[in-house]
Amino acid sequence: MNRKGAHGAAMNRRRFLWLLSMSGGLLAAACRQAAFPLPSPSTTPTPKTPQAVSLTTPTRLEKERTYTLEVVASEMRLDSQRFTSFTYSGTLPGPELRVREGERLRVTVSNRLPEPTTIHWHGIPVPHAMDGVPDVTQPAIQPGESFTYDFVVPIAGTYFYHTHVGLQLDRGLYGALIVEPAQETVSYDREYTLLLDDWLDGLNGTPEDALQQLVAAGHDQMGHGMHSMPMMPGMGSLPMMPGMTPGGYSPAGPNVAFDESAPDLVYPLYLINGQPPESPFTFEGQRGEVLRLRLINAASATIFRVALVGHRLRVTHADGQPVDPREGEALRIGMGEWYDVLVQLDNPGVWPLVAWAEGTSAWARAILRYQGSRNSPPPLTQRPKELAGQLLHGLVLRTAPSVAKALPTSPDRELPIILGGGMGDYRWTINGQAYPDADPIVLQRSQHVRFRLHNMTTMPHPMHLHGHFFWVRGRGSDTLRDTILLDPMQEPILDWVADNPGQWAFHCHHLYHMETGMMRVIVIQ
Ligand code: C2O
Ligand code: CU
């Protein structure tokens, strides 16, 4: 496990375009290649003979890409401990799937776990039956059984897939899904996908233990003014700095725009592409090139702030959708949110990319190495100054005018969505009800819907809607998203069109909040 470079997804842009222009056969080979441990990003990618994944010859208008994912219990080693966790096809993250906009994606998921599972295609508006929410859109895939997800991919962009059963997401069941646009509008030389994660399974009990502790700690501490139950930060943490307390950090820089509450859980490890800070995922480029980074927060309970030391980040996409590009030094990403950024390589050397686990003193990191630089990466002993620089986040972005989706105007239906609950009884609610003891929200097809969100809790919540995008209307920002991170007391408006019939989950992407109630089913008739 934890194969070095297994997930690089490094693809020289020019070469990739060249591949796309070749015959369907080569295209297929390039596509299939992505379903395996990829070559180390330091080697030039070459098309390989496909091995384990079969590709069905396209018969109709749309091309078809076929993948197989085996959901397995895998032996892993992290932080010099050995344990068993769940993965897709034995890699962490799962294999990167690639498809082209308008193509048909068929993924056969075979469940070799001792428990049921499903896959949700986060961010892709799929038909209801393919959405992967157990008991809402499909019966979960039982042990020993398989299920084929089959849908035409209607939009381009960066996306990801993950399990939607219980606390399985806090094991290793996630991976990237990249939808190549019919026509690329962003120009870059290389790209890398970086999946951010928080890891406790096998190091600090199991996710189920963590949930039990959260509930128990809440009960113990009710009335004692205690707010969170920090676990011991382990490897990957930094020495305490002035202003830091375990599980709580006081921002020093003037540009830090948020109160940072302690997270519910401080994890023993934070990972980028399955690799801990001590043996980091390494990516590379050459001076003068532009890198595209697809930054996906696949963590269960951690908001990250990402910075690349010595460089600026230019955000081009939020949740896969193009935005008016914005530059900054750090980027805040909630669970279930993701951004594409461009980096101009103009500062040769070896640089850490840091993903600070907000509210803790711990980090994930990866390494950018310019070709020809032989230095060893600088030790990460201080909080990089970029993290105190200009911070980008969902509420300062604006969807690019090129995006055709009309912004719904006068709503047919307006609903308050009040987020409630707290660490005390560790029960999280929407409009006072905790799922599954909660009424469905029933909407008529094609209705223009306005959700007025109110976060009445002391914790941030990344709220995610299945099957649709929504416009986040903020102060001067209209952004098309499917997940939006809400800080305490924030009250944004979400406008959307209920145009995808079926039953759709709407929930907090903090896994432990979702598991303890912060979810609703939306029924579109
Ligand atoms: Cu990525 Cu319902 O979740
Ligand atoms: Cu939440």
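Below or above, wherever it landed, is the structure these notes cover. (Residues numbered from 1 in each chain as written. Chains lettered and ligands numbered in written order. Predicted model: local features only at pLDDT ≥ 70, side-chain atom pairs only at ≥ 80, totals over all residues. Heavy atoms only, no water.)

The number of helices and strands found in the chain is four helices and 34 strands. Within the chain, the proportion of its 525 residues that are buried is 62%. Put simply, of all contacts in the chain between residues at least 6 apart along the chain, 77% involve residues at least 24 apart. As displayed, the chain has an accessible area near 19000 Å², and 51% of this comes from carbon and sulfur atoms. (Helix = DSSP H or I, 4+ residues; strand = E, 2+ residues; numbered from the N terminus. Buried < 20%, exposed > 50% of the residue type's maximum accessible area, 1.4 Å probe, protein only. Contact = heavy atoms within 4.5 Å. Areas by Shrake-Rupley, 256 points an atom, 1.4 Å probe, with all protein chains shown as cover.)

This brings us to the sheet that holds strand S14 (residues 281–285). In space, the six strands of this open sheet follow the order S14-S22-S21-S16-S19-S23, with mixed pairing throughout. Each having just a single partner strand, S14 and strand S23 (391–392) make up the two edges of the open sheet. As judged from the two bridges shared by strand S19 (residues 330–333) and S23, these two strands associate in the parallel manner. Counted as the bridge partner of alanine 330 is leucine 391 from S23. (Pairing = 2+ DSSP bridges.)

Attention shifts here to the pairing of strand S27 (residues 448–455). Sheet topology places strand S24 (residues 413–422) next to S27; seven bridges connect them, and they run parallel. For leucine 415, the partnering residue across the bridge sits in S27 and is phenylalanine 451. The pairing of S27 with strand S32 (residues 493–497) spans five bridges and is antiparallel. Bridging from a neighbouring strand, valine 449 pairs with tryptophan 496 of S32.

Below, the discussion takes up unusual backbone geometry. In this structure, the amide linkage connecting leucine 92 to the following residue, proline 93, adopts the cis form with an omega of -10°. For proline 93, the position within the fold is in the loop between strand S3 (81–88) and strand S4 (97–100). Between tyrosine 435 and proline 436 the backbone carries a cis peptide bond, its omega angle lying at 10°. In this fold, proline 436 is placed in the loop between strand S25 (427–430) and strand S26 (441–443). Positioned with a positive phi, tyrosine 426 is a non-glycine residue whose angle comes to about 45°. Although it is not a glycine, serine 446 sits at a positive phi angle of roughly 75°. By secondary structure assignment, the location of serine 446 is in the loop between S26 and S27. Accessibility expressed as a relative area gives 47% for serine 446, which makes it partly exposed.

With that settled, the discussion passes to the pairing of strand S10 (residues 190–199). Across the 10 residues that make up S10, a large majority, 10, are buried. Alternating positions in S10 separate into two faces, Arg190, Tyr192, Leu194, Leu196 and Asp198 on one and Glu191, Thr193, Leu195, Asp197 and Trp199 on the other, with burial throughout. The pairing of S10 with strand S13 (residues 269–272) spans four bridges and is antiparallel. Looking at the pairing, aspartate 197 lines up with leucine 271 of S13.

In this fold, serine 85 is placed in strand S3. Separated by 13 residues in sequence, serine 85 and valine 72 have C-alpha atoms that sit 8.3 Å apart. Residues contacting serine 85, with those up to four places away along its chain left out, are Val72, Ala73, Ser74, Met76, Arg171, Gly172, Trp199 and Asp201. Separated by 2.7 Å, the side chains of serine 85 and aspartate 201 make a polar contact. (Polar contact = N/O pair within 3.5 Å; in protein donor to acceptor, adjacent residues only side chain to side chain.)

The next thing to look at is the layout of surface pockets. Where empty space is left in the structure can be found by rolling a water-sized probe over the atoms. Counted as a void, the largest pocket has a volume near 550 Å³. Along its surface, the largest pocket is lined by 31 residues, and Ala156, Thr185, His317, Gly320 and Pro322 are the ones closest to its centre. Considering every element that reaches the lining of the largest pocket, the biggest residue donor is strand S18 (residues 321–328), with four residues. Lining the second largest pocket, in full, are Val133, Pro134, Asp135, Val136, His164, Val165, Gly166, Tyr435, Pro436, Met514, Glu515 and Met519. Of the residues belonging to the lining of the second largest pocket, the class tally is eight nonpolar, two polar and two charged. (1 Å grid on protein atoms, 1.4 Å probe; cavity = no way out; pocket = protein on both sides within 12 Å on 5 of 7 lines; lining within 4 Å. Points joined across faces, edges and corners; volume = space filled by probe spheres on them. Nonpolar A, V, L, I, M, F, W, Y, C, P; charged D, E, K, R; others polar.)

In the first shell of the copper ion (ligand 2), the protein supplies His461 (ND1), Cys508 (SG) and His513 (ND1), at 2.0 to 2.1 Å from the metal. Of note, the copper ion (ligand 2) draws all its donor residues from one chain, in the sequence arrangement H-x46-C-x4-H. There is no split in this pair, since cysteine 508 and histidine 513 are both buried. (Donors = N, O, S within 2.8 Å, 3.2 Å for Na, K, Ca; no water.)

This part covers the nonpolar core. Membership of the largest hydrophobic core comes to 129 residues, with the highest contact counts inside it found for Trp121, Leu177, Phe283, Phe451, Trp496 and Tyr512. Counting eight residues, the second largest nonpolar core, distinct from the first, contains Ala307, Ala330, Trp356 and Leu380. (Core = buried A, V, L, I, M, F, W, Y, C linked by side-chain atoms within 4.5 Å.)

Applying the stated rule across the entire model yields 16 aromatic pairs. An angle of 40° between the planes, with centres 5.7 Å apart, marks the rings of tryptophan 121 and tyrosine 161 as tilted. Within this pair, whereas tryptophan 121 is found in strand S6 (residues 120–122), its partner tyrosine 161 is found in strand S8 (residues 157–162), the two being separated by 40 residues in sequence. By relative accessible area, which is 0% here, tyrosine 161 ends up buried. Arranged with centres 5.2 Å apart and planes meeting at 55°, the rings of tyrosine 192 and phenylalanine 283 form a pair that is tilted. Residue tyrosine 192 is found in strand S10, and its partner phenylalanine 283 is found in strand S14; the two are separated by 91 residues along the sequence. Residue classification places phenylalanine 283 among the buried residues on the basis of a relative accessible area of 0%. A network of ring pairs unites the aromatic residues Tyr88, Trp121, Phe147, Tyr149, Phe151 and Tyr161 as a single cluster. (Phe/Tyr/Trp six-rings, centres within 6.5 Å; stacked < 30°, edge-to-face > 60°.)

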